[in-house]
Protein chains: 6
Amino acid sequence: MSRIDGRTPQQLRPVTIERGWSKHAEGSVLVSFGDTKVLCNASVTEGVPRWRKGSGEGWVTAEYAMLPRATNTRGDRESVKGRIGGRTHEISRLIGRSLRAVIDYKALGENTIVLDCDVLQADGGTRTAAITGAYVALADAVHWAQHTKKLIKPSRKPLTGTVSAVSVGIVGGTPLLDLRYEEDVRADTDMNVVCTGDGRFVEVQGTAEAEPFARDELNSLLDLAAAGCTELAELQRKALDAPLDR
Amino acid sequence: MSRIDGRTPQQLRPVTIERGWSKHAEGSVLVSFGDTKVLCNASVTEGVPRWRKGSGEGWVTAEYAMLPRATNTRGDRESVKGRIGGRTHEISRLIGRSLRAVIDYKALGENTIVLDCDVLQADGGTRTAAITGAYVALADAVHWAQHTKKLIKPSRKPLTGTVSAVSVGIVGGTPLLDLRYEEDVRADTDMNVVCTGDGRFVEVQGTAEAEPFARDELNSLLDLAAAGCTELAELQRKALDAPLDR
Amino acid sequence: MSRIDGRTPQQLRPVTIERGWSKHAEGSVLVSFGDTKVLCNASVTEGVPRWRKGSGEGWVTAEYAMLPRATNTRGDRESVKGRIGGRTHEISRLIGRSLRAVIDYKALGENTIVLDCDVLQADGGTRTAAITGAYVALADAVHWAQHTKKLIKPSRKPLTGTVSAVSVGIVGGTPLLDLRYEEDVRADTDMNVVCTGDGRFVEVQGTAEAEPFARDELNSLLDLAAAGCTELAELQRKALDAPLDR
Amino acid sequence: MSRIDGRTPQQLRPVTIERGWSKHAEGSVLVSFGDTKVLCNASVTEGVPRWRKGSGEGWVTAEYAMLPRATNTRGDRESVKGRIGGRTHEISRLIGRSLRAVIDYKALGENTIVLDCDVLQADGGTRTAAITGAYVALADAVHWAQHTKKLIKPSRKPLTGTVSAVSVGIVGGTPLLDLRYEEDVRADTDMNVVCTGDGRFVEVQGTAEAEPFARDELNSLLDLAAAGCTELAELQRKALDAPLDR
Amino acid sequence: MSRIDGRTPQQLRPVTIERGWSKHAEGSVLVSFGDTKVLCNASVTEGVPRWRKGSGEGWVTAEYAMLPRATNTRGDRESVKGRIGGRTHEISRLIGRSLRAVIDYKALGENTIVLDCDVLQADGGTRTAAITGAYVALADAVHWAQHTKKLIKPSRKPLTGTVSAVSVGIVGGTPLLDLRYEEDVRADTDMNVVCTGDGRFVEVQGTAEAEPFARDELNSLLDLAAAGCTELAELQRKALDAPLDR
Amino acid sequence: MSRIDGRTPQQLRPVTIERGWSKHAEGSVLVSFGDTKVLCNASVTEGVPRWRKGSGEGWVTAEYAMLPRATNTRGDRESVKGRIGGRTHEISRLIGRSLRAVIDYKALGENTIVLDCDVLQADGGTRTAAITGAYVALADAVHWAQHTKKLIKPSRKPLTGTVSAVSVGIVGGTPLLDLRYEEDVRADTDMNVVCTGDGRFVEVQGTAEAEPFARDELNSLLDLAAAGCTELAELQRKALDAPLDR
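Quick caveat: nothing in here was measured; it's all calculated off a predicted structure.

Visitor: Can you lay out the interface of chain F and chain A for me, pointing to particular residues and giving the numbers?
Guide: Listed by partner, the interface residues are 36 residues for chain F and 36 residues for chain A. Overall, the association of chain F and chain A removes approximately 3,000 Å² of surface from exposure, summing both partners, and the carbon and sulfur fraction of that is 49%. Sorting the residues of chain F by area buried against chain A places H24, R69 and R77 of chain F first, and these three jointly supply 23% of that buried surface. Inspection of the region where chain F meets chain A yields 16 salt bridges. Where R74 of chain F meets E63 of chain A, a salt bridge forms, and the shortest distance between an N and an O atom there is 3.1 Å. Viewed at the interface, chain A and chain F are joined by 26 residue pairs in polar contact (both at pLDDT 80 or more). Of all the elements in the fold, those that place two or more residues in the side of chain F that touches chain A are β3 (36-46), β4 (59-66), α1 (78-81) and β5 (111-121) of chain F.

Next up, the structure:
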């Protein structure tokens with residue numbers, strides 16, 4: 001089977017990770033998975049939310065949103081509607097949990113990092129692109145907090161690993177990696193998988209969009225996702241190895 | 001390892017499914033998983049939301065909520081706060097998707113069924129109890145619509161299968177079925193699994209609460225959950241076999 | 001005249017008061033007036049709202065709500081609508097005022113008790129059932145605060161009396177006690193009366209639904225209500241006399 | 001006992017009813033009960049809310065609000081808070097019910113009249129002043145609809161009577177008519193009574209602010225209120241007898 | 001060209017400034033520009049918003065609103081809609097900025113003055129009437145704070161000047177001063193100008209409603225506005241020269 | 001006087017206008033005024049808002065927003081706060097009015113164009129950059145509607161001119177063109193001016209941030225702004241002359 005953009009089933013879209021995109025944020029990454037573009041800004045503030053004060057531990061959280069015309073049809077702004085939709089809530093929470101999986105709160109100290117992931121253009125996989133980009137912005141923000149602003153002792157390691165994410169799905173009977181929007185809407189099963197750089201799972205969210213799926217289908221999707229995440233982890237590593245001039 | 005309530009790792013809590021709980025709803029089930037009690041009311045209305053009109057297809061949706069003192073500490077009402085929280089949104093969407101997985105929209109015709117799942121008392125696993133109970137309420141509501149109210153031709157089969165759900169998690173290194181609240185807070189990994197009665201997966205949501213998890217841990221959790229869902233499907237079948245006097 | 005359920009005009013519906021319904025709340029009562037069922041949970045917290053701090057006095061407040069399918073037709077959730085309706089506000093305030101009428105704030109000390117009254121099934125008289133049940137939950141919560149948690153000195157008497165409530169109305173020219181929903185919609189005049197156990201009035205709220213009412217009609221309604229409240233006070237006393245195992 | 005402003009217990013404050021206050025509204029009355037000033041504007045629109053369409057019947061509703069500095073201390077605007085408070089809801093509903101008690105919906109035809117009662121200055125009794133003034137604005141609006149705009153046939157009588165309201169309360173053991181703010185805060189019992197011009201009751205709302213009240217206290221308050229309403233009905237009649245130049 | 005009310009193009013409507021309108025507010029002015037009537041209440045509170053604490057400087061802010069039937073057609077209440085509209089926001093901000101232009105924050109000390117400008121009846125120019133009236137209410141409130149309540153040392157001068165505002169516009173090719181509503185809707189260009197008493201500009205807001213405007217048109221509008229503001233400043237001075245009995 | 005970035009007082013920052021930025025929108029422009037970057041997406045839909053239906057005329061509107069970390073310090077999302085702030089409202093309305101000034105509604109026909117202006121990075125002048133970029137996006141969207149989608153007859157001219165905007169201000173006594181953020185906060189007077197390509201004014205909004213300004217200062221600011229707009233109009237023309245491949 002040939003995919004709409006000529007990829008093999010196991011192939012990621014072209015991925016770019018552009019660091020230092022905005023001059024204001026302590027970490028700022030424009031990540032692209034093909035035509036999906038997400039701006040991930042990390043903001044560091046000293047102190048933690050009230051419920052965590054005095055604990056000596058830090059906090060990391062995330063907010064996800066789409067520009068109104070990130071998609072093919074314009075969507076109403078959630079600020080205008082006066083409420084955040086279920087999908088936005090769900091994805092914001094997913095990104096936050098994923099990043100917290102590689103944070104050592106004690107090492108971070110009583111500092112807070114907020115990741116804003118704003119989708120500038122969407123073509124499927126916005127949440128997985130957001131997680132993958134947000135990790136890099138987080139790493140830059142932690143580096144800034146530790147080495148520029150000196151909020152964290154040099155000996156500490158606030159990051160315990162790396163994290164990336166990819167979508168997989170069964171389309172027309174074939175398991176595919178990194179679905180574009182047109183593939184996503186045709187998928188029987190859709191799964192988002194978040195992995196650490198050492199190949200373990202942080203989140204596994206599989207949904208039968210049309211047909212319930214059997215255990216062996218689940219297994220082949222997990223194989224595909226794990227391989228995709230390994231590739232993404234390598235791209236994150238390369239991006240972070242490059243010098244960043246602020 | 002011995003669990004706080006003496007269960008084996010593979011054992012469900014005592015499950016009760018009480019049909020016909022409320023006199024108003026077309027399907028009404030009070031489901032208990034141990035001390036977790038959820039009232040699941042199914043409401044049938046003729047017609048569908050605007051975006052589906054004229055399609056000849058029906059719609060099923062769900063809303064989940066907790067009474068303020070369902071938990072050990074009182075929580076503020078979302079109606080008073082003026083907004084629905086992320087967790088509520090996430091679970092409502094999960095229940096809706098799970099039930100829609102066993103619905104044939106064409107067979108349902110242009111009718112809408114809303115499942116209200118209100119947690120009266122919580123002790124872990126509220127979303128999985130809600131799905132398990134909501135399926136039974138849905139079945140009663142479909143039966144009412146088809147055989148009492150005659151909205152659906154007798155020959156049609158709006159339900160394509162059954163659906164149930166259970167939580168699993170790794171606590172202190174051991175995979176456990178159907179976590180109570182105290183187990184849930186101590187779990188390294190927490191997973192909610194929704195299965196059809198024929199053993200396929202509808203939703204798989206696994207989260208590393210503390211430590212990322214390896215593929216073999218994921219596999220043993222899936223085994224445990226699949227077995228639990230099979231047991232729950234049997235309990236649903238028994239409950240539905242009993243006569244219901246409205 | 002014979003009522004739809006065979007009662008005499010002066011007769012209450014069967015009333016049940018089930019204490020200790022929920023394991024979490026400090027006072028928890030499931031009260032039924034016929035098919036009307038309200039879960040009344042009392043939550044005790046140390047401390048008082050900001051405007052009362054340092055006064056040495058406590059506070060008691062209430063929140064009333066209906067499950068969406070407590071009634072014959074499903075109502076939208078107020079949390080989803082993002083605002084509390086006028087009727088909900090009005091009844092919550094009524095319940096709070098009624099309970100505060102029998103509270104000695106000084107004796108309660110700087111503690112707060114919140115009464116959550118959630119209607120699980122409605123068939124008329126939900127606010128009067130809520131007040132009657134909430135009083136019993138309040139009594140259990142005060143007892144817990146004083147004798148289990150030791151927040152209040154044993155010598156103090158935070159409760160200065162008992163309080164119960166009942167609806168009355170003129171239907172087809174006849175004054176009736178404790179209206180069911182079908183009677184309520186046909187009533188010309190509808191009145192909710194809250195009394196103390198010693199026969200005095202805490203709240204009298206009479207409304208001409210169709211025809212304005214004359215003084216003698218008002219008098220006969222008050223007579224009927226006072227007798228009903230006396231009966232309810234006796235049922236509350238019996239319920240509270242029984243041992244409660246938590 | 002001498003009252004702070006020298007009135008006898010049975011005496012109303014000076015009441016003024018100024019018709020035609022605003023040039024835009026179909027009925028516009030600035031009513032004063034002493035220092036309490038409420039602007040009551042009646043707006044007529046053809047047509048009725050959706051749930052009443054095709055019934056041939058009209059609708060009357062009311063909205064009550066206070067300017068932020070109508071009181072001694074500035075209150076936050078409900079528009080800024082983004083929600084309407086319980087007290088506002090309660091009073092708006094009371095005014096609407098009171099006016100609807102003297103409306104013949106059939107005679108009104110499918111027209112809607114909204115009464116906006118905005119408190120410009122408050123000194124106790126704002127809701128009773130609002131009802132008393134709103135009735136006059138309603139009468140002017142009905143007249144305009146019938147005789148100026150010809151929306152209603154000349155032979156019909158949309159108004160079936162008149163309605164006015166007054167507060168009464170027990171202060172220091174004495175029943176007093178038409179409480180000022182300083183009396184209101186010191187009252188043991190506070191009651192708002194709405195009567196028709198022929199002496200029947202539309203609403204009776206009595207609240208034990210401090211001490212529960214006995215039946216004979218209730219009776220003396222009702223006597224006082226009925227007499228006060230008779231006086232107000234006479235003042236309304238006089239105001240409406242005067243010519244109104246628009 | 002003759003205007004609808006017979007004024008010359010350079011003529012203001014009859015302006016009245018009634019001080020001490022409400023008994024509660026520290027400054028209270030009912031200002032009329034013809035049929036436009038705005039109640040401007042100034043409330044003084046000790047202390048400043050959190051972000052200004054410890055600065056030794058005060059704060060002045062404003063809130064503008066319209067009664068629902070201030071206009072020819074009834075508008076929905078913003079409190080009922082649950083949100084403040086863009087126009088309300090814009091005007092509130094304009095009034096606040098205009099008044100702050102003549103405030104010496106240091107001299108005011110850590111006190112806050114809120115100006116509530118509520119339009120009771122609208123006929124064009126509500127924002128300019130509000131600014132003109134609010135200045136007078138502000139002056140009275142400052143005087144009260146300084147000389148009655150002694151919050152400010154007698155030697156200080158919290159007010160550095162006076163401020164007034166007027167609308168101008170080009171209607172049918174002719175620049176007109178102080179537009180009524182009917183002129184406003186026909187204007188090609190509409191401008192609101194806020195001036196100090198010494199003839200300098202605080203705000204200039206010109207909008208091409210229909211046709212973009214040339215520099216010479218802008219100049220003639222500014223001339224007209226400046227002259228109008230001078231006249232208004234004189235009326236403010238006269239109003240403030242009169243004795244105020246509170 | 002030398003400016004922080006070495007510009008002369010009359011000099012714009014480097015301006016770039018990148019068309020076709022997003023693949024989804026009918027017009028999509030990323031505009032930069034120095035470090036200020038605004039993404040302007042134009043969305044075309046057939047039909048108009050309800051209040052304009054059947055008029056034969058179209059509609060153009062705009063929504064402005066900032067990403068949370070567009071600025072130096074992170075701001076809370078308006079969607080999370082549940083309400084749109086006054087500044088956002090004010091700027092959205094300004095952009096909409098500015099663009100409508102060059103639209104012939106009749107020629108546009110019953111089509112709606114929404115301009116979403118999202119600030120990705122802010123360094124002063126976001127509203128003027130937004131207007132300047134939005135005009136170009138609007139031109140592309142009109143072209144698409146007319147020549148690609150054929151919603152508008154080829155003979156019509158929906159755009160009656162061009163529109164651009166720039167900020168000016170007096171900093172340390174010197175009138176400066178196109179203020180950066182650091183200049184803006186130090187400005188005594190701040191003015192935003194919107195001009196058509198033929199040199200007429202659409203909006204003039206001047207505010208005395210610190211000191212009221214005299215007529216000659218206003219004049220020199222208007223001169224500066226008019227020259228800046230002329231330059232921007234030329235840049236818009238060049239950008240639109242280039243071919244756009246979608």
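Visitor: Give me the lowdown on the relation of the copies chain F and chain A, citing residues and values where you can.
Guide: Least-squares fitting of chain F to chain A yields an RMSD of 0.0 Å, with the superposition described by an axial translation of 0.0 Å and a rotation of 180°. Such a combination of turn and shift is consistent with a two-fold rotation axis. Across chain F, the rotation axis passes nearest the C-alpha of S79 of chain F, at a separation of 1.8 Å. Both copies present the same face, since 100% of the interface residues in chain F are matched by interface residues at the equivalent positions in chain A.

Visitor: Requested: an account of the state of the cysteines, with residues and values cited.
Guide: A full pass over the atoms with the stated rule returns 0 disulfides over all chains. There is no disulfide at C195 of chain A, and the cysteine sulfur nearest it, in C229 of chain A, is 3.7 Å away. Under the relative-accessibility criterion, C195 of chain A is labelled buried at 2%. Sulfur of C117 of chain D: no disulfide; nearest cysteine sulfur belongs to C40 of chain D and is 4.1 Å away. Overall, the relative accessible area of 0% leaves C117 of chain D in the buried class.

Calculation criteria
- Residues numbered from 1 in each chain as written.
- Chains lettered and ligands numbered in written order.
- Predicted model: local features only at pLDDT ≥ 70, side-chain atom pairs only at ≥ 80, totals over all residues.
- Heavy atoms only, no water.
- Contact = heavy atoms within 4.5 Å.
- Buried area = accessible area lost by both parts, 1.4 Å probe.
- Salt bridge = Lys/Arg side-chain N within 4 Å of Asp/Glu carboxyl O.
- Polar contact = N/O pair within 3.5 Å; in protein donor to acceptor, adjacent residues only side chain to side chain.
- Helix = DSSP H or I, 4+ residues; strand = E, 2+ residues; numbered from the N terminus.
- Least-squares fit on C-alpha atoms with pLDDT ≥ 70 in both.
- Disulfide = S-S within 2.5 Å.
- Buried < 20%, exposed > 50% of the residue type's maximum accessible area, 1.4 Å probe, protein only.

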